Amino acid sequence: MATYTHGQPSPSPGDAKLRRPMVIEIIEKKIEYLRKEKALNIYGTVGFGTTASFSGVLANFIFRHCFKVKHDTLKTYASLTTLPFLSTIVTYKLFVTDALYSGNISKENCVLRSSLTGIVCGVLYPSALAFIKNGRLAVKYHTVPLPPKGRVLHYWLMLCHTEIKAMVIPLVLQTVVGVFNGLQHYAIFESTLEETVHED
């Protein structure tokens, strides 16, 4: 028989026994939803970072060829592989994942942020990094004639203006992957949120 305290009926031991399995089941389902979402998010972000690494490798190959650099091969390829990968993952988490969980961005904003992350961290950053690193090596080992004073940047760009057009490939790839990743991440978040609310 249920007892009353301050006008509120207290649950009987039988009711408590019935509710406990239901609560445990709800908690287990929520944990399963979170595990599923986390796994899919990790795979998507790592895949995004991996495409940025390939862009870094391609950029390094292009600029080494343009500047006729044959020194420090392992060092430049290692940095052009790891740095774009890490920068893409960190930037995506800060500007997309964290904003999504705070509920401050829409679907369109999520896709835009994701694609911009791919373009900046997966194309512009590795291209600039490869340009600087291999340009320094070219000057250090005199693999190409030194530029005239006052036109340094123009000189370097003219050396590789034809080959640099190949970076259009990773530009398109990173944009497409960014859009897809943003759409998928938003869909997973919405689905998990709806399922969790429904269970509540």
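Calculation notes
- Residues numbered from 1 in each chain as written.
- Predicted model: local features only at pLDDT ≥ 70, side-chain atom pairs only at ≥ 80, totals over all residues.
- Heavy atoms only, no water.
- Helix = DSSP H or I, 4+ residues; strand = E, 2+ residues; numbered from the N terminus.
- Expected span 1.5 Å × (residues − 1).
- Buried < 20%, exposed > 50% of the residue type's maximum accessible area, 1.4 Å probe, protein only.
- Salt bridge = Lys/Arg side-chain N within 4 Å of Asp/Glu carboxyl O.
- Phe/Tyr/Trp six-rings, centres within 6.5 Å; stacked < 30°, edge-to-face > 60°.
- Polar contact = N/O pair within 3.5 Å; in protein donor to acceptor, adjacent residues only side chain to side chain.
- Contact = heavy atoms within 4.5 Å.
- Disulfide = S-S within 2.5 Å.
- Lys, Arg positive; Asp, Glu negative; His and termini not counted.

Visitor: Describe helix H2 (residues 73-102), and please don't skip the residues or the numbers.
Guide: The terminal C-alpha atoms of H2 lie 43 Å apart, and with 30 residues this matches the ideal 44 Å at 1.5 Å per residue to within 8%. Turning to H2, its buried residues are Thr76, Ser79, Leu80, Pro84, Ser87, Thr88, Thr91, Tyr92, Val96, Thr97, Ala99 and Leu100. Phi turns positive, to about 75 degrees, at Gly103, one or two residues after H2.

Visitor: Talk me through the pattern of salt bridges; I want residue IDs and the actual numbers.
Guide: Per the counting criterion, the structure on display carries one salt bridge. Lys93 is the partner of Asp98 in a salt bridge, and the nearest nitrogen-oxygen pair spans 3.1 Å. Judged by relative accessible area, Lys93 falls into the partly exposed class, the value being 45%.

Visitor: Report on the packing of aromatic side chains, specifying residues and quantitative values.
Guide: Under the counting rule described, the total for this entry stands at seven aromatic pairs. Taking the centre distance of 5.4 Å and the plane angle of 80 degrees together, the rings of Tyr101 and Phe189 count as edge-to-face. Within this pair, whereas Tyr101 is found in helix H2, its partner Phe189 is found in helix H5 (residues 168-199), the two being separated by 88 residues in sequence. According to the relative accessible area criterion, Tyr101 is partly exposed, its value standing at 42%. Site record: aromatic cluster; members linked through ring pairs are Phe63, Phe67, Phe131, Tyr155 and Trp156.

Visitor: Just give me the short version of the side chain of Thr117, but keep the residues and values in it.
Guide: Structurally, Thr117 is set in helix H3 (residues 107-141). One polar contact links the side chain of Thr117 to the main-chain carbonyl oxygen of Arg113, over a distance of 2.8 Å. Each residue touching Thr117, except ones within four places of it in the same chain, is listed here: Phe48, Thr88, Thr91, Tyr92, Val96 and Gly122.

Visitor: Tell me about the state of the cysteines, and name the residues and values.
Guide: For the coordinates displayed, the defined rule picks out zero disulfides. Here Cys66 stays free of any disulfide, with the sulfur of Cys160 as its closest cysteine sulfur at 4.6 Å.

Visitor: An account of the side chain of Arg64 is requested, with residue identities and associated values reported.
Guide: Positionally, Arg64 belongs in helix H1 (residues 13-66). No salt bridge is formed by the buried Arg64. Its closest oppositely charged neighbour is Asp72, at 7.0 Å. Side-chain polar atoms of Arg64 contact the side chain of Thr76, separated by 3.2 Å. Residues in contact with Arg64, not counting those within four places in the same chain, are Val69, Lys70, His71, Asp72, Thr73, Thr76, Tyr77, Asn134 and Leu137.

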